[in-house]
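The lines below spell out each chain.
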Amino acid sequence: MFNDIGALELVTIVVLGILIFGPEKLPKVIQDVTGFVRKIREFSDSAKHDIRSELGPEFKDFEFEDLNPKTFIRKQLTENEDLKEIRGSFDLRKELNDVSDAVKSSASDSAPVAPAAAATPAVTGPDLLKKPAAPAPEQHSRFDADAT
């Protein structure tokens, strides 16, 4: 419940409690607060028990923590048999190794090519490194300043 409270926060709460209630009333206030927390826990436990008894035997393994979306998704991802089969059949490292082996083998197969053929690259499409020719000076694009 209070997992994220550090020592500094705890000391600050104690000092504030002493300043607000005084050292003589602080133990009584602490007892009242702990009793209140116990009553709230008992109330929530009895409410959970009542809900489970009303849901019936088909919901005997129902946990209220499963209503949290993070917990629900985590449970569905880890307990779903279909997802376990998919994860088992798909091994990313094996796939990456297969791809890298194929690339290495294709690179080693194409390496013994004649040096003259390797020096001239084969052009299969437009040269993307070549700069486009500048438009002729007499050709101006139409521009309407009022349209903008």
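It should be emphasised that the depicted structure is a prediction, and the values quoted were computed from it without experimental measurement. Going along each chain's sequence as written, the residues are numbered from 1 onward. Totals for whole chains, interfaces and linings use all residues, but because this is a predicted model, local features are given only for residues with pLDDT of at least 70 and pairs of side-chain atoms are given and counted only at 80 or more. Computation of side-chain values covers all heavy atoms of the structure but excludes hydrogens and water.

Sorry if this is basic, but what is going on with the overall build of the chain here?
Secondary structure assignment for the chain yields 6 helices and 0 strands. Secondary structure of the chain in N-to-C order comes out as α-α-α-α-α-α. Here the term buried applies to any residue with accessible area under 20% of the maximum for its type, exposed to any over 50%, and partly exposed to those in between, with areas from a 1.4 Å probe on protein chains only. Residues classed as buried in the chain amount to 4% of the 148 residues present. Shrake-Rupley sampling with a 1.4 Å probe provides the accessible areas, and residues are treated as covered by the protein chains on show and by no other component. Entry remark: accessible area of the chain is about 14000 Å², with carbon and sulfur atoms responsible for 63%. Numbered from the N terminus, helices here are DSSP runs of H or I no shorter than four residues, and strands are runs of E no shorter than two.

Please clarify how the confidence of the model for the chain should be interpreted in this entry.
Regions with low pLDDT should not have their predicted coordinates read in detail. The quantity called pLDDT is the predictor's confidence in a given residue, expressed from 0 to 100. Taken residue by residue, the chain gives an average pLDDT of 77. The fraction at 70 or more is 72%. The secondary-structure element of the chain with the lowest mean pLDDT is helix 6 (residues 115–119), recorded at 49, while helix 2 (residues 26–55) shows the highest, at 91.

Where do I start with helix 2 in this structure?
Residues lying three or four places apart along an α-helix face the same way, a consequence of the helix completing one turn every 3.6 residues. With 30 residues, helix 2 ought to run about 44 Å at 1.5 Å a step, and its terminal C-alpha atoms sit 43 Å apart, in line with that. A positive backbone phi angle near 100° is found at G56, which sits one or two residues after helix 2. By this rule the span expected of a helix is its residue count minus one, scaled by 1.5 Å.

Sorry, what's going on with the pattern of salt bridges here?
When charged atoms on two side chains of opposite charge get close, those side chains can pair. Whenever a carboxyl oxygen of Asp or Glu lies within 4 Å of a side-chain nitrogen of Lys or Arg, that contact is scored as a salt bridge. One pass over the structure, following the stated rule, counts 2 salt bridges. Residues D32 and K28 are paired through a salt bridge, measuring 3.1 Å at the closest nitrogen-oxygen approach. A residue pair is termed a helical-turn pair when its members lie 3 or 4 positions apart in one helix, as D32 and K28 do in helix 2 at 4 residues.

Is there a simple way to think about the environment of F62 in this case?
Note on placement: F62 falls in the loop between helix 2 and helix 3 (69–79). For the pair F62 and R52, spaced 10 residues apart in sequence, the C-alpha to C-alpha distance is 7.7 Å. By definition, residues are in contact when any of their heavy atoms lie within 4.5 Å. Look past the residues within four positions of F62 in its chain and what remains in contact with it is R52, L55 and L67.

What's the story with a nonpolar patch on the surface in this structure? I'm lost.
On the surface, V11, V15, L16, L19, I20 and F21 cluster together to form a nonpolar patch covering roughly 600 Å² of accessible area. Counting through the fold element by element, I20 comes out in helix 1 (residues 7–21). The patches reported here contain residues having more than 30% relative accessible area and no salt bridge. Joining distances are 9 Å for like charges and 5 Å for nonpolar side chains (Val, Leu, Ile, Met, Phe, Trp, Tyr).

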